[in-house]
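A closer look at the structure
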Amino acid sequence: SLKKNIDATLFFNKVELPESDIFSDNCLLKVECVEDPNLYDISNQSFSIKKGVLTKSIHLLTPSNNERLVVGRNYTITWEALNVDSFDVQLYIGGAFWGVLATSLTEKFFTWQVSVIDSDDAKIRVVDSANNTISDINSESFKIVSVFEIDLAVHVELQTIGGSKIFDTPEFSTFVVKKITSTVYKAISMVCTHNGCIIGLKTDLSFQCSCHGSAFNSDGAVTNGPASLPLTIFYTEYFSAEQKVLIYN
């Protein structure tokens, strides 16, 4: 008997085959009434039960390709799985194994407080804890970025178009933020691309390096060597309701 006392109003039901080796090309299924064994039905044609290999798989859902994860914030990694009971979550940076984020998880998700490591080439790999050949990893990289929050109510210089202010943080070093339009802000690194000196900001908002004479226009493009690369431009987001600007490394 595979299953007993099934609700008579159900028209289908799942049953599990016994773990013993029952394999045959001539199987029939019988369904009978519990109260009256004479009331039953049986398969019109035989079917087969074959021995096979249990299929196992993992499919990573998030983070998706090219997504931006912010350092210090919580992010929920999710995946689907078939016939896998326990999972390890790993982080890869630049194509190389970086570290284990979690082990022996039984749920198909993990909330990660994003580690303090900036990267344009990060990937998550979810692995069967019992068999590391069963796994899935991002097909393309996502980004891990630091963020600096500017409260415009505090930094009133940035409330007026054309206004600017210099900031200095451990994650971004020295940079200037300029208000370009009512909704657009631009953040430019003040680290010279020639030799890493902190450059000066001129009254016309162009840049001059006192170390070796490199110069850059107000958009960070090189106007005088020996620097050959433009200044780094940070990605920005403006939130009008909160009156905040976020700067991403």
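Treat the numbers as computed from the prediction; the structure is a model and nothing was measured.

When pLDDT is averaged along the protein chain, the result is 90; 93% of the residues meet or exceed 70. Within the protein chain, strand β4 (residues 47-49) has the poorest average pLDDT of any element, 81, and strand β8 (residues 87-93) the best, 97.

It is worth spelling out the sheet that holds strand β18 (residues 200-201) at this point. Here 4 strands make up an open sheet; going across it, the order is β18-β19-β20-β21 and the pairing antiparallel. Looking at the sheet topology across the chains shown, the edges are occupied by β18 and β21 (222-224). Across 2 bridges, β18 lies against strand β19 (residues 207-208) in antiparallel orientation. If you follow Gly200 over to β19, its bridge partner there is Gln208.

So, about the nonpolar core. Across soluble globular proteins, nonpolar side chains show a tendency to be buried alongside one another. Counting 25 residues, the largest nonpolar core has Ile77, Trp79, Trp112, Ile124 and Ile144 as its most contacted members. Mapped onto this core, the elements with two or more residues apiece are β5 (57-62), β7 (74-82), β8, β9 (96-105), β10 (109-113), β11 (119-128) and β13 (142-145). In this structure, Trp79 is in contact with Ile58, His59, Leu60, Leu61, Phe87, Val89, Leu105, Glu107, Lys108, Phe109, Phe110 and Val126, ignoring residues within four places of it in sequence. One finds Ile150, Leu158, Phe172 and Phe234 within the second-largest nonpolar core, a separate group that totals 12 residues.

For the rest of this paragraph, the subject is the packing of aromatic side chains. As enumerated under the stated definition, the model contains 10 aromatic pairs in all. Ring geometry for Tyr92 and Phe97: centres 5.7 Å apart, planes at 75 degrees, overall edge-to-face. Its relative accessible area of 46% is what places Phe97 among the partly exposed residues. Relative to Tyr248, the ring of Tyr235 lies with its centre 5.6 Å away and its plane at 45 degrees, an arrangement referred to as tilted.

With respect to the helices and strands, the residue Asp118 is situated in the loop between β10 and β11. Setting aside its immediate chain neighbours within four residues, Asp118 contacts Val71, Ile144, Val145, Ser146 and Asn249. Here the side chain of Asp118 touches Ser146 through a polar contact of 2.8 Å, side chain to side chain.

To continue, consider the state of the cysteines. For the coordinates displayed, the defined rule picks out 1 disulfide. The disulfide partner of Cys197 is Cys211, and the gap between their sulfur atoms is 2.3 Å. Between Cys197 and Cys211 the disulfide shows an S-S torsion of about -105 degrees. By sign, it is left-handed. Within this pair, whereas Cys197 is found in the loop between β17 (185-189) and β18, its partner Cys211 is found in the loop between β19 and β20 (215-216), the two being separated by 14 residues in sequence. According to the relative accessible area criterion, Cys211 is partly exposed, its value standing at 38%. This cysteine, Cys192, is not joined by any disulfide, and Cys209 carries the nearest cysteine sulfur, 4.0 Å off.

The buried fraction of strand β23 (residues 244-248) is high, at 4 of 5 residues. Sheet topology note: the strand β14 (residues 147-151)/β23 ladder contains 5 bridges and is antiparallel. Looking across to β23, one finds that Asp151 is bridged to Lys244. Looking at chain direction, strand β22 (residues 233-239) and β23 are connected through 5 bridges and run antiparallel. Among the inter-strand pairings, Tyr238 is bridged to a residue of β23, identified as Val245. Where β22 folds back on β23, the antiparallel hairpin that results is connected by 4 residues, among which Gln243 adopts a positive phi of roughly 55 degrees.

Read across the open sheet, the 6 strands follow the order β14-β23-β22-β17-β16-β15; overall the sheet is antiparallel. Each edge of the open sheet carries a strand with a single partner, namely β14 and β15 (164-169). Neighbouring strand axes in the sheet, compared pairwise and without regard to direction, differ in orientation by 25 degrees on average. As paired strands, β17 and β22 are joined by 2 bridges and run antiparallel to one another. For Ala187, the partnering residue across the bridge sits in β22 and is Phe234.

Looking at the element boundaries, Phe175 is found in strand β16 (residues 173-179). Its relative accessible area of 0% is what places Phe175 among the buried residues. Separated by 12 residues in sequence, Phe175 and Ala187 place their C-alpha atoms 6.7 Å apart. In this view, Phe175 contacts Phe148, Lys165, Ile166, Phe167, Thr169, Ala187, Ile188, Ser189, Met190, Phe234 and Ile247; residues no more than four positions away in its chain are not counted.

Cut-off values and rules
Residues numbered from 1 in each chain as written. Predicted model: local features only at pLDDT ≥ 70, side-chain atom pairs only at ≥ 80, totals over all residues. Heavy atoms only, no water. pLDDT = per-residue confidence, 0-100. Helix = DSSP H or I, 4+ residues; strand = E, 2+ residues; numbered from the N terminus. Pairing = 2+ DSSP bridges. Core = buried A, V, L, I, M, F, W, Y, C linked by side-chain atoms within 4.5 Å. Buried < 20%, exposed > 50% of the residue type's maximum accessible area, 1.4 Å probe, protein only. Contact = heavy atoms within 4.5 Å. Phe/Tyr/Trp six-rings, centres within 6.5 Å; stacked < 30°, edge-to-face > 60°. Polar contact = N/O pair within 3.5 Å; in protein donor to acceptor, adjacent residues only side chain to side chain. Disulfide = S-S within 2.5 Å. Axes fitted to C-alpha atoms, helices over the stretch in contact; angles between N-to-C directions.

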